[in-house]
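# Architecture and fold: a report
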Amino acid sequence: HIAYYNSAEESKQQLKLTAERIGLKNGFIVGQRNSMPDILDDCNKLQEKYPNKKLILFVDSLQAISDGRFSTGRITSRTAEENIDQLISFCKDEAKIKSGKAMTAIAIGQTTKEGKMAGANALRHKVDTFAEMSILEKTKDPDLDAFVGCRIIEVGKNRFGGAGRQAFLKMEPSGLELVAQGSMI
């Protein structure tokens, strides 16, 4: 596999330090494109360069990347939706699937100050799986006290399996480590 991590917000130096800290060594390519057409062009080039490898694309963050509609790179309220549409079209292209060049894409989105997904709810309806990450800051449930400070990943939608699952992760020097998981712990 080849992992292509495109960040429109973090510097390559920051990403390099993170990759070193968590022990990523092979098959990890960093991009700093800020236009979805450019990112997808990079994906085509990577698939040509590594024809026998599966490509996994990480886009960070969806709301900071231009959809290519404006030459100025202007980002509007519809930009994230346009980006998702382009990603879905690229990933589900029949010719790519038949030739074995199908790609998996993971889009990382921004949140509001209230911790909700930034942008239109339409994004949830377009994707196959939707998960949110938050931090458990305090609780009134003594059974959850051990998880305070943990990151919680909740699967809110999954076309291929169950939703409503949670994982509690603790930040360690080597990255996130699983503490507990289950269905609505």
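Residues numbered from 1 in each chain as written. Predicted model: local features only at pLDDT ≥ 70, side-chain atom pairs only at ≥ 80, totals over all residues. Heavy atoms only, no water.

## Section: the sheet that holds strand E1 (residues 2-7)
- Spatially, E2-E1-E3-E4 is the arrangement adopted by the four strands of the open sheet, whose pairing is parallel. In this open sheet, the two edge strands, each paired with only one partner strand, are strand E2 (28-31) and strand E4 (103-108). Geometrically, the sheet is characterised by an average inter-axis angle of 15° between neighbouring strands, direction not taken into account.
- For strand E3 (residues 55-60) and E4, the ladder comprises six bridges, and the chain directions are parallel. Pairing of Leu55 across the sheet is with Met103, part of E4.
- Its contacts with the sheet put helix H3 (residues 79-91) on E3 and E4, and the angle it makes with E4 is roughly 165°. (Pairing = 2+ DSSP bridges. Helix = DSSP H or I, 4+ residues; strand = E, 2+ residues; numbered from the N terminus. Axes fitted to C-alpha atoms, helices over the stretch in contact; angles between N-to-C directions. Contact = heavy atoms within 4.5 Å.)

## Points about the side chain of Asp60
- Turning to its location among the elements, Asp60 is positioned in strand E3.
- It turns out Asp60 is buried and unbridged, and the closest side chain with the opposite charge, Arg21, is 12 Å from it.
- Only 2.5 Å separates the side chain of Asp60 from the side chain of Tyr5, close enough to count as a polar contact.
- Setting aside chain neighbours within four positions, we find Asp60 in contact with Tyr5, Asn6, Ser7, Ala8, Glu9 and Ile108. (Buried < 20%, exposed > 50% of the residue type's maximum accessible area, 1.4 Å probe, protein only. Lys, Arg positive; Asp, Glu negative; His and termini not counted. Salt bridge = Lys/Arg side-chain N within 4 Å of Asp/Glu carboxyl O. Polar contact = N/O pair within 3.5 Å; in protein donor to acceptor, adjacent residues only side chain to side chain.)

## Focus on the state of the cysteines
- Within the structure shown, the criterion is met by zero disulfides.
- Here Cys43 is not cross-linked by a disulfide; its sulfur's nearest cysteine counterpart is in Cys91, at 7.9 Å.
- Residue classification places Cys43 among the buried positions, given a relative accessible area of 0%. (Disulfide = S-S within 2.5 Å.)

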